[in-house]
Amino acid sequence: MEREGAGTRPPRTAPGTRSTLLYARPGIIVTVDRFTAGRTSYQVADLTHLRTTRGPHDRIAVRAVVVTTSMLGGVGLLLGFTGGLHRLTAGAYLILGAVFLLPAALAMVGDRWRPPPYELWGWYRGAEVLLFSADDERQFGQVTRALLRAREVNRYGGWVDPLASAEPWRRPNR
């Protein structure tokens, strides 16, 4: 992994060569040759086995679900062992059932409030690394597509615009 101080500008290329810029936002630069996220820069030709996934759930939401589930489980066991379940009314059973749905409600609210981040993983020079992570699905998709385009350019040996090379408006020879 190479560290280069590329904040918002693409890394410099050798004189005479031109690197096509595919995506540029503060902290993220994708050119045909390099992928830079933050202060970490990668050669696109050395990136393999790219895959996308979702990151871990928010720790606070997970802890809230675990604590609530264990507390409700303890209350249920306590009521079961003391015989208190036989003395409850139908309304109390409905309230108890609604309270037992609280962990599921907390999990859904936690995922809406702080959804898991989108992550782009890949192999770089023999090691699997987290290349990019974002909460915004649109930005993540744009960066991922730009990196895939850069890999295609490197794989096929150059940037060729098929419409520009077709010359559709050429006059026929008569």
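For the structure given in this document, a descriptive report is provided here. From a predicted model like this one, the values you see are computed outputs, not experimental measurements.

### Description of the sheet that holds strand β7 (residues 118–124)
Consideration 1: One open sheet holds the 3 strands; their spatial order is β6-β7-β8, and the pairing between them is antiparallel. In the strand order of this sheet, the two ends are held by β6 (47–54) and β8 (127–134), each with one partner. Pairs of neighbouring strands in the sheet enclose a mean axial angle of 25°, with direction left out of account.
Consideration 2: The pairing of β7 with β8 spans 7 bridges and is antiparallel. Residue leucine 120 lies in a different strand from β8, and its bridge partner there is phenylalanine 132.
Consideration 3: Across the face of the sheet, helix α4 (residues 137–156) comes into contact with β6, β7 and β8 while running at roughly 165° to β6.

### Examining the packing of aromatic side chains
Consideration 1: Per the counting criterion, the structure on display carries 4 aromatic pairs.
Consideration 2: Considering the side-chain rings of phenylalanine 35 and tyrosine 42, the 6.3 Å spacing of their centres and the 20° angle between planes classify their relative orientation as stacked. No difference in accessibility class separates phenylalanine 35 from tyrosine 42, as the two residues are buried.
Consideration 3: Aromatic pair phenylalanine 132 and phenylalanine 140: ring centres 6.1 Å apart, planes at 10°, arrangement stacked.
Consideration 4: Among the aromatic side chains, those forming a connected cluster through ring pairs are Phe35, Tyr42 and Tyr124.
Consideration 5: Its end group placed over the ring of tyrosine 118, arginine 54 keeps NZ or CZ at 3.9 Å from the ring centre.

Cut-off values and rules
- Residues numbered from 1 in each chain as written.
- Predicted model: local features only at pLDDT ≥ 70, side-chain atom pairs only at ≥ 80, totals over all residues.
- Heavy atoms only, no water.
- Pairing = 2+ DSSP bridges.
- Helix = DSSP H or I, 4+ residues; strand = E, 2+ residues; numbered from the N terminus.
- Axes fitted to C-alpha atoms, helices over the stretch in contact; angles between N-to-C directions.
- Contact = heavy atoms within 4.5 Å.
- Phe/Tyr/Trp six-rings, centres within 6.5 Å; stacked < 30°, edge-to-face > 60°.
- Buried < 20%, exposed > 50% of the residue type's maximum accessible area, 1.4 Å probe, protein only.
- Lys NZ or Arg CZ within 6 Å of the ring centre and 35° of its normal.

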